[in-house]
Amino acid sequence: YEKIVLRVSDVALQYVGINGQLADYGISLNRGRSYVVNLGGRNVDSASSKIKFDTPYIRILQLPATANEFSEGVSGISFFITIDPDIAAGQYSVFVSSDNGLETSLIGALNIE
């Protein structure tokens with residue numbers, strides 16, 4: 001038998017927001033628009049974090065993510081996304097993986113109306 005070993009990610013997402021503000025609840029976005037989205041938590045930085053979504057209808061624009069220090073102990077990144085006009089209304093999740101391949105997420109953080 002193989003022993004299962006849990007690895008703890010060095011990155012932890014805790015907050016999502018827009019317009020430079022963070023919240024500990026989901027944000028509402030509209031179809032066919034672009035936004036600057038902010039993610040915050042522990043060890044979230046633009047150099048080692050890869051961002052993805054659970055749908056191909058939300059895309060990160062090819063501009064580089066910007067590192068932010070939102071408050072003491074809360075680091076984060078800001079990046080541009082575009083919401084496809086054909087996306088179904090509902091809740092979508094954000095995933096961030098670190099250099100070591102471990103992943104953290106905010107399930108249902110984006111509410112598309």
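The structure this text deals with has already been given above.
Here's a quick rundown of the structure. (Residues numbered from 1 in each chain as written. Predicted model: local features only at pLDDT ≥ 70, side-chain atom pairs only at ≥ 80, totals over all residues. Heavy atoms only, no water.)

Within the chain one finds 0 helices and 9 strands. The N-to-C order of helical and strand elements in the chain reads β-β-β-β-β-β-β-β-β. Rg of the C-alpha trace for the chain: 14 Å, near the compact-globule value of 13 Å for 113 residues, within the 12% margin. The C-alpha extent of the chain, read off along each of the three principal axes, is 50 × 35 × 25 Å. Across the 113 residues that make up the chain, the buried fraction comes to 42%. Taking all contacts inside the chain whose residues are at least 6 apart in sequence as the whole, residues at least 24 apart take part in 63%. A total accessible area of about 6,900 Å² is found for the chain, and carbon and sulfur atoms account for 49% of it. Averaging the coordinates of the 8 positive side-chain charges in the chain and doing the same for the 12 negative ones gives two points 5 Å apart. (Helix = DSSP H or I, 4+ residues; strand = E, 2+ residues; numbered from the N terminus. Rg over C-alpha atoms; globule rule 2.2 N^0.38 Å. Buried < 20%, exposed > 50% of the residue type's maximum accessible area, 1.4 Å probe, protein only. Contact = heavy atoms within 4.5 Å. Areas by Shrake-Rupley, 256 points an atom, 1.4 Å probe, with all protein chains shown as cover. Lys, Arg positive; Asp, Glu negative; His and termini not counted. Charge placed at Lys NZ, Arg CZ, Asp CG, Glu CD.)

Counting buried positions along strand β8 (residues 90–97) yields 6 of 8 residues, so the element is predominantly enclosed. In the sheet, strand β4 (residues 50–53) pairs with β8 via 4 bridges, with the strands oriented antiparallel. Opposite Lys50, over in β8, you have Ser97 as the bridge partner. With 7 bridges connecting them, β8 and strand β9 (residues 103–112) associate as antiparallel partners. Paired with Tyr92 across the two strands is Leu110, which belongs to β9. (Pairing = 2+ DSSP bridges.)

Worth remembering: the numbers are spatial, not functional.
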